[in-house]
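# Chains, contacts and geometry: an overview
Residue-level listing of the chains:
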Amino acid sequence: IDALEVVCDKLPAAEREVKIDQFSQTLLVDGAPFFPVGLYWLHADMLRQARRLRFNSGDYYYKLRGEEVAVLMDAAAEEEMQILLELSEFARLKPEPDYQAIAAVVERYRQHPALLAWYLVDEPDETRMDPVAAETIYGLIRELDPYHPVYLVNNRPHTYAAYAAASDILAVDVYPVPRYPITRVRDYVAQARWTSLERKPVWLVAQAFGGVEHWPRAPTAAELRNMTYQGLIRGARGIFFYRYCREEDRHIQPPELWREVQALAAEMSELSPVLVQPDHAAKRSGGASVEVAVREYQSDYYVFAVNVEMVSRRLDMRLDGLPPISQVRSLYGAAEATLGPSRLSAVLEPLGTAVYRLETAGI
């Protein structure tokens with residue numbers, strides 16, 4: 001009926017490879033599916049604790065220089081953590097990127113076991129990065145290291161298309177609390193996926209701070225959880241939390257918020273075999289103000305639900321197209337669900353989230 005021709009370059013295998021599954025937009029680290037759960041502003045002395053808390057990746061946000069980066073990378077390899085290696089310092093707020101320095105960094109670390117992706121630049125439009133220069137940097141990286149993807153963070157949806165050709169992974173940093181509707185998260189993630197025609201993975205950088213600069217207060221634990229699940233349901237293939245705070249920065253990340261970051265990291269670690277699965281083919285409706293997503297794993301179906309309103313809402317989801325379901329189990333979230341004829345129902349509290357496992361009837 002139809003045909004599609006794709007031109008590919010077949011490269012020899014490398015000792016270290018990070019790829020992207022084009023069907024699910026999931027990362028493949030040395031051939032194994034990988035769902036990134038990360039923290040910004042990491043240092044080498046934080047990595048052991050971060051790994052213990054179930055984080056598997058991180059970024060240092062161009063706060064480290066020179067051999068400090070080498071120390072972090074080597075420590076990350078020992079802890080089996082994956083790092084976004086920053087190139088921003090060579091391009092941010094500069095009239096011309098330092099291509100020679102970028103090439104030297106890529107050549108030094110391209111086979112490092114802790115390298116997850118190259119962090120081309122953060123918020124390019126805000127830092128006056130010319131889209132042509134961004135694409136030139138991207139081309140240089142791809143020439144020197146075709147075995148790792150290039151990552152870029154953009155906080156301005158109207159510029160997604162301008163920088164789309166300069167990365168393999170588009171991350172969106174959406175920090176709506178408290179000035180904007182919390183639904184900006186789902187909208188920005190959805191727009192990023194649409195801009196790339198769903199051919200590139202989109203990751204979410206979630207707001208885990210406040211009380212500084214343009215953000216008069218930090219999100220509550222419920223708001224952070226809601227934003228994270230909005231991202232997951234809209235198809236985010238990685239979640240990074242901005243940011244890790246030392247004791248001197250604790251005022252911008254209250255203890256209850258940090259505890260929720262840790263709880264979410266543990267949940268996503270447990271759910272990672274599900275989160276790396278492609279979106280279920282059927283689009284699902286959860287009812288007014290309730291968004292849902294479905295993933296299949298080992299013959300069971302996992303339903304992710306989020307209520308984006310400040311009032312309780314009913315999850316009312318038809319199960320048409322799924323095989324017979326024998327029972328439903330509530331995995332995360334306080335809302336117990338009931339299973340009726342071809343229907344899943346539950347009441348989600350204000351800003352509530354839930355994950356359910358629908359167990360098939362043994363067929």
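Quick note: structure is the one above.
A brief report on the enclosed structure follows. Just so you know, the residues in each chain are numbered from 1, in the order the chain's sequence is written. Local features in a predicted model are, by the rule used here, given only for residues with pLDDT of at least 70; side-chain atom pairs are given and counted only at 80 or more, and totals for whole chains, interfaces and linings are based on all residues. Hydrogens and water are ignored here; the side-chain numbers use all heavy atoms of the structure.

## Re the pairing of strand 18 (residues 353-360)
When a residue's accessible area, from a 1.4 Å probe over protein chains only, is under 20% of the maximum for its type it is buried; when over 50% it is exposed; and in between it is partly exposed. Helix and strand assignments come from DSSP, with helices taken as H or I runs of at least 4 residues and strands as E runs of at least 2, each series counted from the N terminus. Strand 18 sits mainly inside the fold: 7 of its 8 residues count as buried. Paired strands, as defined in this entry, are two strands with at least two bridges between them according to DSSP. Relative to strand 18, strand 13 (residues 300-307) is paired through 6 bridges, and the arrangement is antiparallel. When the bridges of strand 18 are listed, Tyr301 appears paired with Leu358. Summarising the sheet, strand 15 (residues 325-332) and strand 18 pair through 6 bridges and their orientation is antiparallel. Looking at the pairing, Tyr332 lines up with Val355 of strand 18.

## Brief notes about the nonpolar core
Among the buried residues, those of types Ala, Val, Leu, Ile, Met, Phe, Trp, Tyr and Cys that are joined through side-chain atoms within 4.5 Å form a nonpolar core. Phe55, Trp118, Leu120, Leu204, Phe241, Met268 and Phe304 are the most contacted members of the largest nonpolar core, which has 87 residues in total. Contact between two residues is taken to exist if any of their heavy atoms lie within 4.5 Å; hydrogens are not considered. Contacts of Phe304, omitting those with residues within four sequence positions, involve Tyr229, Ile233, Leu271, Val274, Leu275, Glu291, Val292, Ala293, Arg295, Ala354 and Val355. Counting residues in hydrophobic clusters, the runner-up holds 25 residues, among them Val29, Ala117, Trp203 and Val205.

## So, helix 7 (residues 255-275)
Fitting axes to the seven residues ending at a residue and to the seven starting there, one defines the bend at that residue as the angle between these axes. The sharpest bend along helix 7 reaches about 40° and sits at Ser269, with the proline Pro273 one to four residues further on. Leu257, Trp258, Glu260, Val261, Leu264, Ala265, Glu267, Met268, Leu271, Val274 and Leu275 are the residues of helix 7 that are buried.

## With respect to the packing of helix 3 (residues 99-109) against helix 4 (residues 131-144)
Running from N to C, helix 3 and helix 4 point in directions that differ by 30°, and their axes come no closer than 10 Å. Note on packing geometry: the crossing formed by helix 3 with helix 4 is right-handed. Residues Tyr99, Ile102, Ala103, Val106 and Glu107 of helix 3 lie in contact with helix 4, whose contacting residues are Ala133, Thr136, Ile137, Leu140, Ile141 and Leu144. Split by residue class, the contact of helix 3 with helix 4 holds 9 nonpolar, 1 polar and 1 charged. Where helices are involved, their axes are fitted lines through C-alpha atoms of the stretch in contact, as for all axes, and angles between N-to-C directions lie from 0 to 180°. The sense of a crossing depends on the near helix, which, turned anticlockwise from the far helix by less than a right angle, makes the crossing left-handed and, turned clockwise, makes it right-handed. Charged means Asp, Glu, Lys or Arg here, nonpolar means Ala, Val, Leu, Ile, Met, Phe, Trp, Tyr, Cys or Pro, and polar covers whatever is left, Gly included.

## Observations regarding the packing of helix 6 (residues 221-233) against helix 7
At a minimum axis distance of 9 Å, the contact between helix 6 and helix 7 shows a crossing angle of 25°. In terms of axis orientation, helix 6 runs roughly parallel to helix 7. Handedness of the crossing formed by helix 6 with helix 7: right-handed. Judged by residue contacts, Ala221, Leu224, Arg225, Thr228, Tyr229 and Leu232 of helix 6 engage Glu256, Leu257, Glu260, Val261, Ala263, Leu264, Glu267, Met268, Leu271 and Leu275 from helix 7. The residue makeup of the contact of helix 6 with helix 7, split by class, is 11 nonpolar, 1 polar and 4 charged. Working definition: roughly parallel below 35 degrees, roughly antiparallel above 145 degrees, roughly perpendicular at 65 to 115 degrees, and oblique for all remaining angles.

## Details of the pattern of salt bridges
Where charged atoms from two side chains of opposite charge come close, those side chains can pair. Criterion for a salt bridge: a side-chain nitrogen of Lys or Arg within 4 Å of a carboxyl oxygen of Asp or Glu. One pass over the structure, following the stated rule, counts 25 salt bridges. Glu198 is the salt-bridge partner of Arg193, the closest N and O atoms lying 3.6 Å from each other. With relative accessibility at 13%, the residue Arg193 sits in the buried group. Residue Glu198 is classed as partly exposed on the basis of its relative accessible area, which comes to 42%. In this structure, a network of salt bridges that share partners links the residues Arg193, Glu198, Arg237, Asp279 and Arg295.

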